Structure formats: structure tokens, C-alpha cells
Amino acid sequence: MIRITDILDKASNYMNQSELALIEKAYVYSASAHAGQFRLSGEPYLSHPLEVSNILVDLRLDAPTVASGLLHDTVEDTRVTIEDIQNNFGQEVADIVDGVTKIGKMTFESKQTAQAENIRKMILAMAKDLRVILVKLADRLHNMRTLEFQNPIKRRLISQETLEIYSPISHRLGLYKIKVELDDLSLKYLKPDVYNRISNWIKQHRLLGKDYVKKVISKLEQILEQNNIKGRVSGRQKHIYSIYQKMKKQRLPLDQVYDLIAFRIIVETIKDCYTTLGIVHSKWPPVPGRFKDYISMPKPNMYQSLHTTVIGPDGEQIEIQIRTEKMHYIAEYGVAAHWKYKDKKIINPKDEKRFSWLRQILDWERDLKDPKEFIQSLKIDLFEDEVYVFTPNRDVLALPQGATPVDFAYMIHSEVGDRCVGAKVNGKLVPLDTKLKNGDLVEIITNPNHKPSRDWLKFVKTAKAKARIRHWIKTEERATSISLAKEILEKEAKKLGINLQKELKKGTLEKVAEEFSYKTVEDLLVAVGYAKLTPKQVLNRLIQGEAKKPDSIKNKIAKNTSQQEAKGTDEERKEGVVIRGAKNMLIRYAKCCQPVKGDPIVGYISRGRGIIIHTSDCPNVKNLEPHRLVEVTWAGEDNKTYTATIKIISKNQKGALALIAKSLSDEGINILSGSFDTKVDNTTEMFFQIEIDSSEHLYSTLEKLSKLPPVIEAIRTTGEIPKIN
């Protein structure tokens, strides 16, 4: 466990005595508050806030932030209140601790809603005071470092959230060191087999390539010396997750990933950067399409550098990054190196453009009231890959990879997007679904009478565009849905001798809406139009509330309602899923993701096919209409089984299949079908469609399969078993 003296020694390099005293006081207070508490690892709980504050000191953050790191769990996990923090440490520290506490303290009706709303709060807190998210990132990093003490399912859920949200945020803030570690640790728990293979291979490669690295560094140093350029050279091993991403993106086996080392040249001036680049290219031929100039066009997170890949000594591909000392410091520490906290002026006007992405998130956040829709959109806008395009005024806009002129139009202004009828790219008319490329000059053609098209949702990428288009569609569909609901209800009401128009005028439907937890009658009608409620449910509730109705009708309705509810309960038990606010609905499981009991799930109200159950992280969910998504949870009998597909890569040796089949049988798993394919590298790729009880059952089985001597990899996959030719 790190000691407070170690933290104070580091902090003394850039803090004065009064600032160090604040940190020491926070330590004493935190130690007293957490006395007697222990972590899952068995360590005193105090070890966690100490490690968090150590990460913050490594980023050279100010004293209030480091003190907040020591105090960040006191309000949530002890009897300490925010008022206590304010009285002892002042308003500034209290605000940061309060911001961190509020992110994780909310309770919700489902885990998915909780996660989405917590992240929404985190983004809003980040806009108010960036130090809140810096403490939260340090907190998450240390939790990831000690994740082994959590149960397997929780490890996976936390790692997935880290990879999807916390890592991209750290990237956006330029916190390279934190991002790299979060990525690698997430991969370690999400795909332990892949992580271990790459990790072991890197260790072997590092030993074999040690002399080569020294050779390249020596040659680069000679280049600088011979051309009177002052600078230094280093070699950096690429991290495990980036290698995994490269293998996926380029579909490369591990032994064909060559440029594992990125060489870095740090010089004094921008002129030296470009001079050095020219000399390196004259010495070694550059690989086409692998040069990027982030100096003239910096990334939104302030990162600047020249990147090039060349054919270096012995014909090996090597990546070289060239930057100044100042650029290097910002590349390492990101926003922590750039942002000043003085006089509560959080944003330096010079830096506003660098953080325009944060303002954009806040803009479309106001339009997205559903937290799950917000989280889906956020994941898109936090993606690393970006294209940089020009407005007609030669301003630069950063958009996600694959963005279109419609995305560009909405980024300019919401009304420009709504009225977009055409676009010119580099002076030529192009279709609206054209994917923009780096350096494109984009001009939008508008018509004041034009409205957004539903088809745009098939190709737009940015959250702002999606939010605005969906908002317009929702408004249009709401009117249609209300009209449809009235028509359906009137037909059903006539069968029961009810005059619906009369009931609407009397206001009796208002009480029905309230009973179904809808704010207005319009909301109730929309629910009927979207098939979230059936006409019979609404009319049954209406009649039950009318004391003057004949007993014969009331008894008939009561009996009908009882039968429906019983049927709904039986169906839920049969299907193993409970649907919030609805019964007697047809349930189907999506083939794309094959959800199994224990997976986080979401339901989608399809047109005519009932509720389709997807896993919450299914890639297809983000393309579905958000207003048709419903909350669902697992329920039902314990002996319910689910279908899942697993992929096993094994050494091609005698008895391997028998050993795998026996292991599956020992775990009580039934094999429905399978396919096998022997590869040129003497491995066999196996796919099995199996019946299992729950996701926990599935992942414990995969863990045991991974430990079998012939098995190289055992993972869950989705979709149908591939046909082997």
C-alpha cells in the first residue's frame, strides 16, 4: 500500500506548503472516516483513496483535486456529510467530492437505466468542473487494477463499461497513460485468453527484438546529430489492446503484426519536426497512406505530433512519431497539463475550440430525455476515429469516421440539418449518404420548407443528428399514434357499449392514465398506438373505475382481466422474461445476439412480432427506434434453458474433440449442433450451438474449457454457426 509520505514527496515538486498541508489534513480525515473498513482484497479501505490521490499527483493536479481524491468515498461510504467536508476543507473541495458522489449514488428501476443516468450525470459534472471527472477516472483506474477480487460477472460488466465509456473519455481528455491502462485491463477481463496470448507473445518479441530497437534508436540519433537537430529518441512498446484492435481491423494473425514498437523523436521546434520528417523519409521509404499530420490539424483532445510508418532497417515496418517537448507533455498528461483552475475560471478562452466536443454533447443531451438513448449516442460521439473537414469559411470540424453531409449540417446548426436538401463536397454535388474524408470542403444546400427524413437514420453517425431526426419523427409519429389509438379504442368501446368521445369529454380517461403511470391522456393514447398497452387493458381499467356500470358488464370485465393476468403470468414463466408494465405479450429471442439468462437485456416492440429480446450490448440495438425499447428482466423457472453459440480454437491433435465434448457433458450442457474447420497453422476452429441455464453457467464453462491442454481459445460468439466449405 502506498504511503501518504510518498504522495507528499511527489506533490512537493510542484506545490507549496499550504497546499501540502491541505492534502495531509485530507489524509488524516479520510483515515479516521474509513477506520475499520476493508476492501474485497482484504486491504484496509484507506488503500483505495491513497491510490486514487497518487494517480492524481502523477498527473500533477492541484491540491483541491488531490485532497478530493482522498475524500471522494467518505460521503458515500461513511457517516461524513458534504456539509462536514465543506466546513473542514472549503467549498471548492466540497463541490468536487459532491460531484463525484452524485455520479455513483443514484438508484434506478433497472441496472441499464442506472448505468446510463450515472454516465449522463458524469458528463454534466465534467462540464461544470473538469476535476470531478479526473477524480472519477482515477477512481475507476484503481478499481480496474484490483478487479480480480470481484465475481466473474461483475468483472465483465465493469470492464465493458470501462471500455465503452471511461476509456474514450480519457482519450478525449488526452490522458494517454490512463487510457492505455484502462484498455489493457478491460481486455484482460473481457477476453483473458486473447490478452494472455498477446502478452506472452510481446514478452518473447521484446527479448528477440531488443538489439533491433537499439539499432533503430542509434540510427535516428545519428540522423539528428548529422543534421544539427537537438533532440532525443526513445522506443515505446505498443500496448496490448492496440495490438488486438489492429489484428481485428486488418484481420491479421498475431505473427503478422510487425510494427510493435513506436519510435518517438522529441525535438525543440515545429520547424525541426518537419525537417526531421523529411530526412527520415529520405533515409527510409514511407509506407503509403500511413502518414498523419496532427501538428497542423491537432486532435480535439489537444494532441499534436507527426506520425509516419517507414520501411526501416532490415526491411521492417516501423512507426515513428515526431513532436516537440511541449507537445510531448500535453500528449502524456492531456487536459491535466493544459487546464488551469484559478478564480473558478475553468475554461481558458484559448482552449474552447479544443473542447468543442464537450459543448456538443451538452447541446444534444438536452434533446435526449431517455438515458439509454443518451448512452447509445454518447458511445458514437466518443469514438476515437475521426475525420476533419472544412466549412466554406475554412473552419475545421471534427466528425466521427463515416460521418456524412447530414451530420455536418447538424453540426453547423440544427435548423441547417432539418432543412438540408443537398450537399457539395469539394465543389461537386454528392448524395447525402456520402462518407466524408479528411480535408473535404463541405457546403450544405437548404430549403426552408424541407423536413428531416426517416431514411437519414440509416446513415447518420453523430449523436446530434440522430437526436434531432428522432425528435422530429417522434413528434410526427406521436400525432399519428394518438389518431390510431382513438380509432382502435372506439371500435373496442362500442363492443362494450361505451361512448369513448363522451368519456374523453368527461375526463374519466385522466384517472386511467394516472393508474398506468402516464402524465396525460395523450401519453396514454400514444402507449396504445405504440402497442405498449392493449385497448382491452385501457377499457377494462375504465369500466372498473365506473361504479355506475351494470354489474354484469363489470363482472365480465373483471373475469376477463383475471384471465388475461393469469395468462400473462404463465407466459412470463414459460418465456423466463418479465416485461415492465405489460402482460400477455408474445416474446421472441433475437438470433443476432442470442441472449441467455443472466445477460443484461432489453426488449423491442416489433410490428406484429411481439417483444424481441436482445442483449443490452447487442450492436443492433443502437439502430432500433428508442421509443420502442422496453425494460425487461429475467424471471421464470430455474430449469429454463437458453441457446448460445461458442467458438473454440484447439490444437489439431488426437483426442481433442473427445476431451472438449466430455468437458461440456460434465458441465451438464447439451450440444445441439456443431461445425469444425482445420486451419493451415495446424489448429482446429470449432463452433457449437449449446443449451445452457444462464450466462454464469456459460462463462464458468468457457473458463474450464480454456484450461484444457489442447484448447487455445474458448469464447462466446453470436449468430448462426458458420457453414464450413
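Numbers given for residues are sequential positions, taken from 1 along each chain in its written order. This being a predicted model, a pLDDT of at least 70 is required before a residue's local features are given, and a value of 80 or more before pairs of side-chain atoms are given or counted; all residues contribute to the totals for chains, interfaces and linings. Water and hydrogen atoms were dropped before computing side-chain values, which therefore reflect all heavy atoms in the structure.

(A) Looking closely at the sheet that holds strand E12 (residues 587–589). By the convention used here, strands pair only if DSSP detects at least 2 bridges between them. Helix and strand labels come from DSSP, where a helix needs a run of H or I of at least four residues and a strand needs a run of E of at least two; each type is numbered from the N terminus. Strands sit in the order E12-E14-E13-E15 across an open sheet of 4 strands; the sheet is mixed. The two strands at the open ends of the sheet, each matched to only one other strand, are E12 and strand E15 (629–630). Pairing geometry for E12 and strand E14 (residues 611–615), over 3 bridges, is parallel. Opposite Tyr589, over in E14, you have Ile613 as the bridge partner.

(B) Representation of helix H3 (residues 47–58). In this model H3 runs 17 Å from its N-terminal to its C-terminal C-alpha over 12 residues, within 8% of the 16 Å that 1.5 Å per residue would give. Buried residues of H3: Ser47, His48, Pro49, Leu50, Glu51, Val52, Ser53, Asn54, Ile55, Leu56 and Val57, and no others. We call two residues in contact whenever any of their non-hydrogen atoms come within 4.5 Å of each other. Packed against the buried residues of H3 are helix H1 (4–11), helix H2 (17–33), helix H4 (63–71), helix H9 (130–145) and helix H11 (176–190). Residue Arg60 follows H3 closely and has a positive phi angle near 60°. Take the number of residues in a helix, subtract one, and multiply by 1.5 Å to get its expected span. Throughout, exposure labels follow a simple rule: accessible area from a 1.4 Å probe, protein chains only, divided by the maximum for the residue type, with under 20% read as buried, over 50% as exposed, and the rest as partly exposed.

(C) Just the packing of H3 against H4, in detail. The axes used here are C-alpha line fits, helices contributing only the stretch in contact, and every angle between their N-to-C directions lies in the interval 0 to 180 degrees. Running from N to C, H3 and H4 point in directions that differ by 160°, and their axes come no closer than 7 Å. As far as their axial angle goes, H4 and H3 are roughly antiparallel. Relative to H4, the crossing made by H3 is right-handed. Packed against H3, whose contacting residues are Pro49, Leu50, Val52, Ser53, Leu56 and Val57, the element H4 presents Thr65, Val66, Gly69 and Leu70 at the interface. An angle counts as roughly parallel when it lies under 35 degrees, as roughly antiparallel when it exceeds 145, as roughly perpendicular when it falls between 65 and 115, and as oblique in every other case. For a crossing to be left-handed, the near helix must be turned anticlockwise from the far one by less than a right angle; the clockwise case is right-handed.

(D) Expanded view of the side chain of Thr391. Topologically, Thr391 is positioned in the loop between strand E6 (386–390) and strand E7 (396–400). For Thr391, a relative accessible area of 6% puts it in the buried group. With sequence-adjacent residues up to four places away left out, Thr391 is seen in contact with Leu397, Phe408, Ile412, Leu441 and Val442.

(E) Focus on the sheet that holds strand E10 (residues 442–446). An order of E9-E8-E10 is seen for the 3 strands of this open sheet, with the pairing classed as antiparallel. Lying at the two open borders of the sheet, with one neighbouring strand each, are strand E9 (428–430) and E10. Between one strand axis and the next, the sheet turns through 35° on average, direction left out of account. Relative to E9, strand E8 (residues 420–425) is paired through 3 bridges, and the arrangement is antiparallel. In the strand pairing of E9, Val425 is matched with Lys428. In the packing of helix H20 (residues 405–412) onto the sheet, contacts are made with E8, E9 and E10, and the angle to E10 comes to roughly 80°.

(F) Molecular detail of the nonpolar core. We call a set of buried Ala, Val, Leu, Ile, Met, Phe, Trp, Tyr and Cys residues a nonpolar core when their side-chain atoms join them within 4.5 Å. Residues Ile23, Ile85, Leu173 and Leu175 are the most contacted members of the largest nonpolar core, which totals 57 residues. Among the elements that take part in this core, H9 stands out by supplying 9 residues, more than any other. The contact partners of Ile85, leaving out residues within four places of it in the chain, are Tyr29, Leu71, Thr74, Val75, Val80, Gly90, Val93, Ala94 and Val97. Counting residues in each nonpolar core, the second largest holds 28 residues, with Ile587, Val632, Met686 and Ile690 among its members.

(G) Representation of the packing of H11 against helix H14 (residues 240–250) in the model. At a minimum axis separation of 7 Å, H11 and H14 run at an interaxial angle of 70°. Judged on the interaxial angle alone, H14 and H11 are roughly perpendicular. Between H11 and H14, the contacting residues are Asp183, Asp184 and Leu187 on the first element and Ile240, Tyr241 and Tyr244 on the second.

(H) Representation of the state of the cysteines in the model. Here, the term disulfide refers to a pair of cysteine sulfur atoms separated by no more than 2.5 Å. In the structure shown here, the tally under the stated rule is 0 disulfides. Not engaged in a disulfide, the cysteine Cys593 finds its nearest cysteine sulfur in Cys618; these two sulfurs lie 3.8 Å apart.

(I) Layout of unusual backbone geometry. Not every positive phi belongs to a glycine, and Arg60 is a case in point at roughly 60°. Take Arg60: it is sitting in the loop between H3 and H4. Phi at Gln594 takes a positive value of approximately 45°, unusual for a residue other than glycine. Inspection of the secondary structure assignment puts Gln594 in the loop between E12 and strand E13 (601–605).

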